[in-house]
Amino acid sequence: CALPISYFHVLYDSEPYYFTNIISIFVNGHPMDFLHPGIPVTYLSSILLLILPFKSDPENLLLASRILIMGINFCLIYLGLLFVNRVSLLNAILFISFLFVLPASNYFLDLLSPNGILVGVGLVVCSLGLKLGSGESGKSTFVLYGVALAFAVTIKFNSVLLAIPTVAASFFRSEERR
């Protein structure tokens, strides 16, 4: 599948809902329905409408929204790898480049859906969760973890599962202290 996909070519069942919710938030100030989660996806894209000059062209709007979500995802991956996990810049760039190379990971790159942003958010949440029990974590790590997990849950409800590494790490770290 070639990037970018035309706006009328729907590969993901909920993409039209996100698109109509973006327009509804821009026009009415609230989403049309709440069938799917993904509140940040719709609100960030509708804020993008305020900035962009082409408000009446659906193809450009959808393309700009897809690029925005993809950019946020890559920024979160970059921040999660570089600042939270302290990975070198070269390794962070290699990791992001694998997202373009591997077919299974780049399926959601060109879709307007919450799944496109969950890779970056999940990396940040799991990385912060694993740092919570270490000696280098302070109160700011707890706050950042709570904010990142809340952001992930507003994107997709099943993101609560991202707390599993934190629970597992706290269980094993409590056994080490005994």
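Look a little higher up for the structure.
Residues numbered from 1 in each chain as written. Predicted model: local features only at pLDDT ≥ 70, side-chain atom pairs only at ≥ 80, totals over all residues. Heavy atoms only, no water.

(A) Fine view of the nonpolar core. Counting 20 residues, the largest nonpolar core has Ile117, Val121, Val125, Leu128, Tyr145, Leu149 and Leu162 as its most contacted members. Those elements giving two or more residues to this core turn out to be helix 3 (58–84), helix 5 (115–131) and helix 6 (139–155). For this core, the element with the most residues is helix 5, which contributes seven residues. Once residues within four sequence positions are removed from consideration, leucine 149 is found in contact with Val125, Ser159, Leu162 and Ala163. Counting residues in each nonpolar core, the second largest holds seven residues, with Met70, Ile77, Leu81 and Ala92 among its members. (Core = buried A, V, L, I, M, F, W, Y, C linked by side-chain atoms within 4.5 Å. Buried < 20%, exposed > 50% of the residue type's maximum accessible area, 1.4 Å probe, protein only. Helix = DSSP H or I, 4+ residues; strand = E, 2+ residues; numbered from the N terminus. Contact = heavy atoms within 4.5 Å.)

(B) Here's a closer look at the packing of helix 1 (residues 15–28) against helix 2 (residues 39–51). Look at helix 1 against helix 2: their axes get within 8 Å of each other, and the N-to-C directions meet at 55 degrees. By the criterion of interaxial angle, the relationship of helix 1 to helix 2 is oblique. Crossing of helix 1 over helix 2 shows right-handed handedness. Every residue of helix 2 that contacts helix 1 at Tyr18, Asn21, Ile22, Ile23, Ile25 and Phe26 is listed here: Val41, Thr42, Tyr43, Ser45, Ser46, Leu49 and Leu50. Taken together, the residues that form the contact of helix 1 with helix 2 break down as nine nonpolar, four polar and no charged. (Axes fitted to C-alpha atoms, helices over the stretch in contact; angles between N-to-C directions. Parallel < 35°, antiparallel > 145°, perpendicular 65-115°, else oblique. Left-handed = near helix turned anticlockwise from the far one by under 90°. Nonpolar A, V, L, I, M, F, W, Y, C, P; charged D, E, K, R; others polar.)

(C) Quick look at the packing of helix 2 against helix 3. Relative to each other, helix 2 and helix 3 sit at 125 degrees, their axes nearing to 10 Å. Classed by the angle they form, the pair helix 2 and helix 3 counts as oblique. Crossing of helix 2 against helix 3: the hand is right-handed. Contacts between helix 2 and helix 3 involve Val41, Leu44, Ser45, Leu48 and Leu49 from the first element and Leu61, Ala64, Ser65, Leu68, Ile69 and Ile72 from the second.

(D) Spotlight on helix 6. In this model, helix 6 (17 residues) spans 25 Å end to end at C-alpha, consistent with the 24 Å of a helix rising 1.5 Å per residue. Listed in full, the buried residues belonging to helix 6 are Thr141, Tyr145, Ala148, Leu149, Ala152 and Ile155. Within helix 6, the buried residues cover an arc of 115 degrees as seen down the axis, which keeps them to one side. In helix 6, the exposed positions angled more than 90 degrees off the buried face are occupied by Lys139, Ser140, Val143 and Val147. (Expected span 1.5 Å × (residues − 1). Arc of directions from axis to C-beta.)

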